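Chain by chain, the residues run as shown.
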Amino acid sequence: MKEHKRSNKQLRILFLSVILSIFLVFSLISIQLVQRTISTNSQVMGQEIARSFSTSEDANLYAYELLLRNATQWLSGQLEEGKSREEVQHWMEDYLSYVSDTLGSKGIDMCASIGGQILAATYWEGDDTFDPTAQNWYQMAMAADGDIIYTDAYNDVVTGLAVITIAQRIGNTNDVLAIDLFPQHFQQWSSMEALPADSSYFLCDSTGTVLCYDTNGSERIEDVQSYVDQLNEEIDAGIHADTEFSFLKGNDQYGVYYRQTSNGWTSIITLPYRYLFSGLNELALWYAWIFGLFLLLSAIMYLRERRLNQQVELTSETVRVLGDSYYAIYRINFESETYTMLKSEEPLFSALPHQGDYTAFLAQLKEVIEPQAYAEFEDSFSIASIRRLVERKVRDYGGDFQRLFPEGYRWVNVRLLFDDSLDVGEAILCFREVDEEKRRQLQHTELLKESLLTMQKSAEARNLFFANMSHDMRTPLNAIIGMSDLAGHTLSDPERTGDYLRKINHSSKHLLGLINDVLEMSKCEQGKLALERRPFDLREQLDEVLDIFRIQAQNEGKEFHITYDVRNTRVEGDFFRIQQILNNLLSNALKFTSPGQEISLTVRQLDEGAHTQYQFIVQDTGVGMSEEFLSRIFIPFERETRFGAKNVSGTGLGMPIVRNIVLQMEGQIDVQSALGKGSTFTVTIPLALQAGAEEETTPAPAPVEAANLQGRRLLLAEDNELNMELATEVLRMKGVEVVQAWNGREAVERFQESAPGFFDAILMDMQMPEMNGCEAARAIRALPRTDASSVPIIAVTANAFAEDIAATVAAGMNAHIAKPIDFDLLEQTLGRLLVKA
């Protein structure tokens, strides 16, 4: 027996010795693994520190790039508006001051190369002789095609300090905007407070030049640039690419970590290894204690686990399957048709026993499930249904329904879960509240339905638009084709032919008006209506616009009155849009009045201030409109069809266009009308007063006199043969001597070959080969002769939008006429310009 006990004791000692040996070997291996892991983690930590410094630098650089982009966009707008160098420089000074004071961006300067000359926010004596186009930043920006560039560090010619320049090309011009960054201010970008002593931080440009550094109080580095050059050589050689070689030899060992910024600079961090590996021995000791404690706890847990009851085991298994996301969990035995409550937080189920018959469980649920959903719930989660789902290996089955809570009905998700870890014949039934999620889902479904309905309405509106367009365009086209055919058969009857031609002309103008209205309406709906702010004299501009309406009223035997009640006529705004509004309103007034009836325009200034309200009242005594139509007057393609109004043609787009323009100009429009009593349209628009504008009187308008073009010489530039023939014949019928040019270059040559003062005016088509109209106008204005800057040039363009007109004004043209040419308007325009000349 003793030998047996001794033998058992020896076996136990041998067993313990083996266990101890295994533990010691495992501990040594573990320490080595921990040391290697710490080394690897140190590399990762160092790289993350370098990444954080690099990210901070990227964020600061992005801020400067954002400042540069904003400044470039603003400066582009300033240049497009024709601002002077002094105004641009003043803007740059204000912008730089704003950036420095408000945004806290210190240590920067701004300059620009405008037209090959330097323009700096901070003046220095070398501005007049400095050639910015020869500078590296200018050439890099021009080659970057609009992207932002960074130079390497260089000495600033003004301060002599090291400087970095970021620059960007201004639009499609040859101008460049640049911001100078002084590296001495980069020190604040990154903080070394969280790093240990003897850590170092260096920021280098793409050539390796140190822009800024922080040694965290250490004096071990005597020559910073030489030290960094050594680091860069080792980085290039790949010495610091992995953990094994990630240190420098010397009095101490340092980890070297680096990362490049988005613009090619390099951030370098050095950390002392004594900091990274401090506490490794203590860690090993603690690891040993923890491992021993783990063995002890494992033994205790093993012994304790054997004593756990079955309910704890069932609960643990259920928790592994479901987690804590369900407010009620039940274990269903579909063999015995019973349930076991594992978790329940429902006061409504307080009377339900912990275990019981599944049929009684379903009866209790019937009291809280919405009545219209219970029948489906009972069928889906009956014992027979559960048995079928388990047989088919359906591991997750369920749906949503509304059930009664103390606060009311809320959405609940029920799931039947099956897993092989459960006992045979068992499944899990659990409930989770999803009211908020379900309501979002239902709301999303409703939004989808509404979107579908909107798309359907949009398709219907599009179909209606094309139907209206087809009808409205076919009507004048049918008249043009039919009347042209009739005119060809009645050449021997001049009176009938002339009547057909007049009707063709009327239908052509109707078709042109429709096309113009559709294009303008399209721009309004797409939000592409451009508004400009230019200084103009309201009285002078209106007098020019209203001339054509005075003549039309005289020709039609109607009275046309204009009244001004304006104290300040020099304002700023978009007169082209004001003209467009009045053209529509006055055209309608003339269209819907008969001979002997009156049309009037009253212009009033309502108040005074930085933005003054101006009111334009167009009143007529014509046929008027019905009350029913007034509610639809601003809807596209709507037209008055009652009584006499139905005999007047129109597109139904004029008033919607007027309303869109008025609203975009932050104005208001009001209309009052009654059948047989005429109409009154009141448009109120805010306009800014010009700086220094004085109050002016408004004398009555001078009577309009017909222009006399007899004996005038005009240079006509047009590349289309039919258009050339038409314009030439009409002008010659009015006594004008016409000299033809078939492209822009030929127009410049004809003018250059003529004697000064030979031509009284120039009609310039816009779209021509070799040289377009704007290029030809600029070339003529630039000629070294006395009449080059004064000869009136009228643009003849098929694109009569605001941006197209602005291009003709910028090219030095005096006026514009839209195609097809209204020769009465052309005669009036020529008469006005020739009188001024």
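Below is a summary of the structure that appears in this document.

What counts and what doesn't
- Residues numbered from 1 in each chain as written.
- Predicted model: local features only at pLDDT ≥ 70, side-chain atom pairs only at ≥ 80, totals over all residues.
- Heavy atoms only, no water.
- Helix = DSSP H or I, 4+ residues; strand = E, 2+ residues; numbered from the N terminus.
- Buried < 20%, exposed > 50% of the residue type's maximum accessible area, 1.4 Å probe, protein only.
- Contact = heavy atoms within 4.5 Å.
- Pairing = 2+ DSSP bridges.
- Axes fitted to C-alpha atoms, helices over the stretch in contact; angles between N-to-C directions.
- Parallel < 35°, antiparallel > 145°, perpendicular 65-115°, else oblique.
- Left-handed = near helix turned anticlockwise from the far one by under 90°.
- Nonpolar A, V, L, I, M, F, W, Y, C, P; charged D, E, K, R; others polar.
- Phe/Tyr/Trp six-rings, centres within 6.5 Å; stacked < 30°, edge-to-face > 60°.
- Lys NZ or Arg CZ within 6 Å of the ring centre and 35° of its normal.
- Salt bridge = Lys/Arg side-chain N within 4 Å of Asp/Glu carboxyl O.
- Right-handed = clockwise from strand over helix to strand, strands pointing away.
- Patch = residues over 30% accessible without salt bridge, like charges linked within 9 Å, V, L, I, M, F, W, Y side chains within 5 Å.
- Areas by Shrake-Rupley, 256 points an atom, 1.4 Å probe, with all protein chains shown as cover.
- Lys, Arg positive; Asp, Glu negative; His and termini not counted.
- Charge placed at Lys NZ, Arg CZ, Asp CG, Glu CD.
- Polar contact = N/O pair within 3.5 Å; in protein donor to acceptor, adjacent residues only side chain to side chain.

1. Focus: the overall build of the protein chain
- Along its length, the protein chain carries 21 helices and 28 strands.
- For the protein chain, buried positions account for 43% of its 837 residues.
- Across the protein chain, the fraction of contacts at a sequence separation of at least 24, relative to all contacts at a separation of at least 6, is 61%.

2. Quick notes on the sheet that holds strand 25 (residues 737-741)
- Here we have 5 strands laid out as an open sheet, ordered 25-24-26-27-28, and parallel in their pairing. Every other strand in the sheet has two partners, leaving strand 25 and strand 28 (815-818) as the edge strands with one partner each. Along the sheet, successive strands turn relative to each other by an average axial angle of 20°, direction set aside.
- Where strand 24 (residues 713-717) and strand 25 come together, 5 bridges link them in parallel fashion. Across the sheet, the residue bridging to Leu714 is Val738, located in strand 25.
- Across the sheet, helix 18 (residues 744-753) lies against strand 24, strand 25 and strand 26 (761-765), angled at about 130° from strand 25, the strand it touches most.
- Running over the sheet, helix 19 (residues 773-781) touches strand 26 and strand 27 (793-797) and is turned about 150° from strand 26.

3. Here's the deal with helix 16 (residues 654-664)
- Of the residues making up helix 16, those classed as buried are Gly654, Met655, Pro656, Ile657, Val658, Ile661 and Val662.
- Just past helix 16, the residue Glu666 takes up positive phi, approximately 60°.

4. Digging into the packing of helix 14 (residues 575-591) against helix 16
- Closest axis-to-axis distance for the helix 14/helix 16 pair is 10 Å, and the angle between their directions is 150°. Here helix 14 lies roughly antiparallel to helix 16, going by the angle between them. The element helix 14 and its partner helix 16 pack so that their crossing is left-handed. Here Arg577, Gln580, Ile581, Asn584, Leu585 and Asn588 of helix 14 come into contact with helix 16, specifically with Gly654, Met655, Ile657, Val658, Ile661 and Val662.
- Tallied by class, the residues present in the contact of helix 14 with helix 16 amount to 7 nonpolar, 4 polar and 1 charged.

5. Some details on the packing of aromatic side chains
- According to the stated counting rule, one finds 15 aromatic pairs in the structure shown.
- When the centroid spacing of 5.3 Å and the interplanar angle of 20° are considered together, the rings of Trp91 and Tyr95 count as stacked. Within this pair, Trp91 and its partner Tyr95 are both found in helix 2 (residues 85-102), separated by 4 residues, close to a single helical turn. Each member of the pair, Trp91 together with Tyr95, is buried.
- Clustering of aromatic rings is evident, with ring pairs tying together Tyr330, Tyr339, Tyr358, Phe361 and Phe431.
- The ring of Phe405 has Arg403 lying over it, and the distance from NZ or CZ to the ring centre is 4.2 Å.
- Lying across the ring of Phe751, Arg785 places its NZ or CZ 4.3 Å from the centre.

6. A look at the pattern of salt bridges
- A full pass over the atoms with the stated rule returns 27 salt bridges.
- Notably, a salt bridge pairs Arg69 with Glu65, separated by 3.9 Å at the nearest N-O pair. Of this pair, Arg69 and Glu65 both sit in helix 1 (residues 2-80), 4 residues apart, which is roughly one turn of that helix.
- Residue Arg69 is classed as partly exposed on the basis of its relative accessible area of 34%.
- A relative accessible area of 14% places Glu65 in the buried class.
- Bridged by salt links that share partners, the residues Glu407, Arg410, Glu433, Asp435 and Arg439 form one connected network.

7. Looking at the packing of helix 13 (residues 538-555) against helix 14
- The contact between helix 13 and helix 14 brings their axes to 11 Å, and the two run at 25°. Between helix 13 and helix 14, the angle falls in the class roughly parallel. Between helix 13 and helix 14 the crossing geometry is right-handed. For the pair helix 13 and helix 14, contact is made by Leu538, Gln541, Leu542, Val545, Leu546, Phe549, Gln552 and Ala553 and by Phe575, Gln579, Leu582, Asn583, Leu586, Ser587 and Leu590, respectively.
- Its residues assigned to classes, the contact of helix 13 with helix 14 comprises 10 nonpolar, 5 polar and no charged.

8. Regarding the pairing of strand 15 (residues 408-417)
- In terms of burial, strand 15 is largely enclosed, as 8 of its 10 residues are buried.
- Inspection of the sheet shows strand 14 (residues 396-405) paired to strand 15 by 10 bridges, in the antiparallel sense. Note on strand 15: the bridge partner recorded for Tyr397 is Leu416.
- The antiparallel hairpin formed by strand 14 and strand 15 contains 2 residues in its connecting segment.
- Looking at chain direction, strand 15 and strand 16 (residues 426-433) are connected through 6 bridges and run antiparallel. The residue of strand 16 that forms the bridge with Arg415 is Cys430.

9. Focus on the pairing of strand 27
- For strand 27, the buried fraction is high: 5 of the 5 residues fall into the buried class.
- Every second residue of strand 27 is oriented toward a common face, with Ile793, Ala795 and Thr797 on one face and Ile794 and Val796 on the other, all of them buried.
- Two elements, strand 26 and strand 27, share 4 bridges in a ladder whose sense is parallel. Pairing of Ile762 across the sheet is with Ile793, part of strand 27.
- Where the polypeptide runs from strand 26 across helix 19 and back to strand 27, its parallel neighbour, the crossover connection is right-handed.

10. Some remarks on a negative patch on the surface
- On the surface, Glu222, Asp223, Asp229, Glu233 and Asp236 cluster together into a patch of negative charge.
- When you line up the elements, Glu222 lands in the loop between strand 8 (210-214) and helix 4 (224-236).

11. Thoughts on the environment of Asn333
- Tracing the backbone shows Asn333 in strand 11 (residues 328-333).
- Contacts of Asn333, omitting those with residues within four sequence positions, involve Thr338, Gly425 and Glu426.
- A polar side-chain atom of Asn333 sits 2.9 Å from the main-chain amide nitrogen of Ser336.

12. Quick word on the environment of Phe381
- If you trace the backbone, Phe381 turns up in the loop between helix 9 (371-380) and helix 10 (383-391).
- Each C-alpha atom of the pair Phe381 and Leu416 lies 8.1 Å from the other, and the pair is 35 residues apart in sequence.
- What Phe381 contacts, discounting residues up to four positions off in sequence, is Tyr358, Leu362, Ile386, Tyr397, Gly398, Val414, Leu416 and Leu429.

13. Things to note about unusual backbone geometry
- Residues other than glycine seldom take positive phi values, yet Asp145 does so here, at roughly 55°.
- With respect to the helices, strands and loops of the structure, Asp145 is situated in the loop between helix 3 (136-143) and strand 3 (149-150).
- We note that Lys393 has phi near 60°; this positive angle belongs to a residue other than glycine.
- Counting through the fold element by element, Lys393 comes out in the loop between helix 10 and strand 14.

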